[in-house]
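# A look at the structure
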Amino acid sequence: MINNKTKNVAFNALVKKAIDVLMFPLIAILLGLFVAVFFVMWAKNLGFIDGTATLFSAIWEGTFGKRANFIETLVAMTPLIFTGLAHSVAFRTGLFNIGVEGQFIMGMLAAALIGLIPGIPAPIHVTLVLLGGLIFGAVWAAIPGYLKAKVGTNEVVNTIMMNFIAMNVSNYFVKGPIHREGSASSKMILESAQLYRFLSPSERVNVGLFIGIALIFVIYWLLWKTTIGYELRAVGLNMHAAEYGGINSKKNIILAMVISGAIAGLGGAAHVAGTIHKAHQLVGFTNYGFDGIAVALLAKSHPIGVLFSSLLFGGLNSSARILQKFRIPKQIVYIIQGIIIIFVAADYIYKWLKEKKKKEAIKNA
Amino acid sequence: MEKVIEMRGITKIFPGVIANDNVDFELRKGEIHVLLGENGAGKTTLMNILYGLYQPDKGEIYVNGKKVNIKGPSDAIAMGIGMVHQHFMLVHNFTVAENIILGSEPKTAFGFKIDYKKAIKDVKELADKYGFNVDPNSIIEDITVGQQQKVEILKALYRGAEILILDEPTAVLTPQEIEELGQILKNLVKEGKSIILITHKLKEVMNMSDRVTIVRRGKVVDTVNTKDVDMDTLAEMMVGRKVNLVVEKKPAKVGDVVLKIENLQALDHRKLPKLKGVDLEVRSGEILGIAGVDGNGQTELVEVITGLRRATGGRVILKGNDLTNRAPKEIIEAGISNIPEDRHKHGLVLKFSLTENAVLGQHDKEPFSKGIIMNYDVIREHAKKLINDFDVRTPNEEVHAGALSGGNQQKFIAAREITKDPELLIATQPTRGLDVGAIEYIHKRLVEERDKGKAVLLVSLELDEVMALSDRIAVMYDGKIVGILDADKTNEMELGILMAGGTLNKKEGEHDKQ
Ligand SMILES: Nc1ncnc2c1ncn2[C@@H]1O[C@H](COP(=O)(O)OP(=O)(O)OP(=O)(O)O)[C@@H](O)[C@H]1O
Ligand SMILES: [Mg+2]
């Protein structure tokens, strides 16, 4: 009886927690769409009902409504799974790895380079490409991680610098040694280095999507079922208690950066091997790394959440083109994304303030 | 008598617990009213409600006879209610005066600049009025905990508090500081202030208070006049059974040296020498207590032994195994466990569940994990065992540690560290913030460890505790051990002299130094 009662209470607490966790992201998304409706009304001179209808049917068509568009949604989502996960791991350890962008680029570069090596049988070649991306990304993140742990320099500043270096390193190769004449990109990687496109060779969605989804569960398992995750999260939540418990926080800071960078690098390699088959010259950043910040924030740094938030952001990105068909400026999509981010950020600030208040209450135990 | 506060039928429910169950509480003008109760009885929750940090689920609050709705601390402050938390909330690199005026700064004529001259003058006047001995210009991190607490009280007074809530203010104070605080409280009451005091120390209840309200498991048991009761009755009323206030222990069966410390030296956080050559031995089967005024190197000594601070000289040896400057992990594995001084900083990851916290420091050991895979079934059972054995009051083992009352957090940490069954158990302030029933139990368990042949190093600012538990007492002063005495051959006075840096006559001071 008593046991039952406590179980019930525990269950209720769980439901309450779930609502608590999911509520704000959902509200943020709805508000984002709501505000976007007004822009549509304004841009197209429509009433509220018509505006809503137009926007929603456009977004629906652009994301799921047509086979081709749905495929593009999945294509756009794939790199965001990786970068969203990469940010989540760092956030959980109390780090902000803005360098995911650069690590992603290094992953792309690794794939573009390794993908050109002739004479390797397909399964091995693909594996090498992915492994290369993973290692490039990991190394690129390990440098600022090491500096943070040993010298105490801020990872945010260092990773931003590493992003620029990555961009220029990539451009050096893409414009030089592996440049394809008359193009703004590298040579096509060999067929043996390409990830399988499971629908048809001309439809860009590829096995990279499944690798990403599998990785979601791997990271979930890593964070909550292994000693490695226990240590990473402990360091992220209370470094002093972690140290007291024999956990080496410096080691874990480096490890978190390496894992984060490896995921990002893997994502970059999968992007080249599966979707674009070459590396482009970069005039600016790819933005996959930066969009990953929003993906992770909306997902509350939870791997499972990344699945949904990457789908949302991927869908919005891919629907941008379709909107123009409806004569809705595609910038509407960025407005929606921006508003979601602002609300999620506001939620964080609100939580932070509440936490501060609660800390006063708890401290006073 | 005029009632300044009246709380009627206050109920507060947290997931799985009723923290306050229909609580009635009143505070009269000019009285010191103690709120007494077991760990987790709901004292802090009730006061957080009064200070506006929590909203009650039911019940009414009257201030000076008027029904009020306190939505946040700023409301409470506006009504003249001030609260001093057990862990202070001061800005460490600000001066005393700056901290006190923070949030209600006096402005210069045009309202742009903070008027520091006025601030310092105001603070000084206030301090003098109530007999606080603090310098408005000193920096917070340079003053003692006792002084910091005075700053907290001054801060509340500066904001016009007529009613002062003090939540376990004496838990971190030395006996002298407690006495000073007692005097200050008396001065405040003389000026017409009214005070609510939470404390677990029955001696203080008897000395300081006019009335006592006893709460147990969220309900009020009774409100009594202090002069009508004695310590034993109070203990029984709060715990619901007779409590043995003296520690019972058999003579020690002392064995080999377990911990040997030789000429240990270390710096403090300001990089100044703090440990200046500590020599110490702890043997199996004994409790060695370290007595000393706060800030004489006790904290640093424990930190060096446990690997959290670097030694700049000397050695730490456990059973012949040199552990000097080894990583905390190696030291834990060598068999040292530690109930840490600061439970929020070191003892717990507050946002981890109790289950996760139960294996902090052992998470990578069998049976809790195998390879990198954690076995949460085993860990959960372990957490349940800790909770049961040490009577930790919690709805279940899945709540995060931050949701426990302070005393229950402490019990949980003690449970974890004692249950590790180490070679050397370092207990730093092991009973800080515990109720008498819980203290009795922890003391019993520490004595049990000793009787099992373990070595116990007890570091406590409470002389009573050191004297009751220890077999030998080492007095620490200015980074050195200045004397080691047999617990049953010494007394408070002797220890007091040594703790203040004095010397006993030679024969006595040397008699037990090996
Ligand atoms: N924020 C919270 N969330 C969930 N439960 C809480 C929270 N704060 C307190 N509780 C629960 O409410 C009960 C009363 O806690 P409270 O802190 O008021 O106890 P206390 O009397 O101050 O005890 P102590 O002497 O140990 O400080 C406890 O069982 C505690 O677990
Ligand atoms: Mg309390």
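Cut-offs and rules
- Residues numbered from 1 in each chain as written.
- Chains lettered and ligands numbered in written order.
- Predicted model: local features only at pLDDT ≥ 70, side-chain atom pairs only at ≥ 80, totals over all residues.
- Heavy atoms only, no water.
- Helix = DSSP H or I, 4+ residues; strand = E, 2+ residues; numbered from the N terminus.
- Domains from an automatic or database assignment.
- Pairing = 2+ DSSP bridges.
- Axes fitted to C-alpha atoms, helices over the stretch in contact; angles between N-to-C directions.
- Contact = heavy atoms within 4.5 Å.

### Digging into unusual backbone geometry
- Note that the residue after B:Glu366, namely B:Pro367, is joined by a cis bond; omega there is 0°.
- Relative to the helices and strands, B:Pro367 is located in the loop between helix H12 (354-357) and strand E17 (369-370).
- Its identity as a non-glycine residue notwithstanding, A:Asn287 has a phi of 75°, on the positive side.
- Relative to the elements of secondary structure, A:Asn287 occurs in the loop between helix H10 (249-276) and helix H11 (288-298).
- For B:Lys319, which is not glycine, the phi torsion reads 50° and is therefore positive.
- As for its position among the elements, B:Lys319 is in the loop between strand E14 (311-318) and strand E15 (321-322).

### Points about the domain arrangement of chain B
- Here the domain parsing of chain B yields domain 1 (1-80 + 162-243), domain 2 (92-159) and domain 3 (257-511).
- One C-alpha centre belongs to domain 2 of chain B, the other to domain 3 of chain B; they are set 35 Å apart.

### Re the sheet that holds strand E7 (residues 163-167) of chain B
All names here are of chain B.
- Sheet architecture is open: six strands sit in the order E6-E7-E8-E3-E9-E10, paired in mixed fashion. Each edge of the open sheet is held by one strand with a lone partner, namely strand E6 (81-84) and strand E10 (219-225). The sheet shows a mean angle of 20° between the axes of neighbouring strands, direction not considered.
- Across the sheet, helix H6 (residues 175-190) touches strand E3 (32-37), E7 and strand E8 (194-198), and the angle it forms with E8 is around 150°.

### Comments concerning the sheet that holds strand E2 (residues 17-28) of chain B
Residue and element names in this part refer to chain B.
- Read from one edge to the other, the open sheet built from four strands follows the order E2-E1-E4-E5, with strand pairing classed as antiparallel. This sheet does not close on itself; its edge strands, each paired only once, are E2 and strand E5 (66-68). Going from strand to strand, the sheet's axes swing by 25° on average, the running direction of each strand aside.
- As defined by bridge partners, strand E4 (residues 58-63) adjoins E5 across three bridges and the pair is classed as antiparallel. Residue pairing for E5: Ile61 is matched across the bridge by Val68.
- The sheet contacts of helix H1 (residues 43-50) involve strand E1 (3-14), E2 and E4, and relative to E1 the element is tilted by about 120°.

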